[in-house]
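# Fold and contact review
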Amino acid sequence: MDKHQRINCTVRSCAFNNMQNQVCELDRITVEPCKNCHNGNPADESMCGSYEQTK
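The model shown is predicted, which means the values in this text are computed figures rather than measured ones.

The next subject is the layout of surface pockets. Each pocket or cavity is described by its volume, and for the largest pocket that value is around 200 Å³. Along the walls of the largest pocket sit Ile7, Asn8, Cys9, Val11, Cys14, Phe16, Cys24, Leu26, Ile29, Cys48, Ser50 and Tyr51, which together make up its complete lining.

Below, the structure written as structure tokens:
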């Protein structure tokens, strides 16, 4: 059963961000914590591991 989830994105420097629609153009992303950070704070432990800088 497909859920057809949508990933919104407002990170202008990410190569996968469709700025017109504020949507990530990847089919899926990897969510991972910042390096050496295991404090339980969602802002620190829910970063996009699929980020690539716009060229």
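The subject of this paragraph is the side chain of Ser50. Turning to its location among the elements, Ser50 is positioned in the segment after strand E4 (47-48). Classification of Ser50 as buried rests on a relative accessible area of 16%. Sequence-distant contacts of Ser50, defined by excluding residues within four places in its chain, comprise Phe16, Leu26, Arg28, Ile29 and Thr30.

In this section: the confidence of the model for the chain. Overall, the prediction assigns the chain a mean pLDDT of 87, with 96% of residues at 70 or greater. Within the chain, the element-level pLDDT minimum falls on helix H1 (residues 42-45), averaging 81, and the maximum on strand E1 (residues 17-18), averaging 95.

The rules behind these values
- Residues numbered from 1 in each chain as written.
- Predicted model: local features only at pLDDT ≥ 70, side-chain atom pairs only at ≥ 80, totals over all residues.
- Heavy atoms only, no water.
- 1 Å grid on protein atoms, 1.4 Å probe; cavity = no way out; pocket = protein on both sides within 12 Å on 5 of 7 lines; lining within 4 Å.
- Points joined across faces, edges and corners; volume = space filled by probe spheres on them.
- Helix = DSSP H or I, 4+ residues; strand = E, 2+ residues; numbered from the N terminus.
- Buried < 20%, exposed > 50% of the residue type's maximum accessible area, 1.4 Å probe, protein only.
- Contact = heavy atoms within 4.5 Å.
- pLDDT = per-residue confidence, 0-100.

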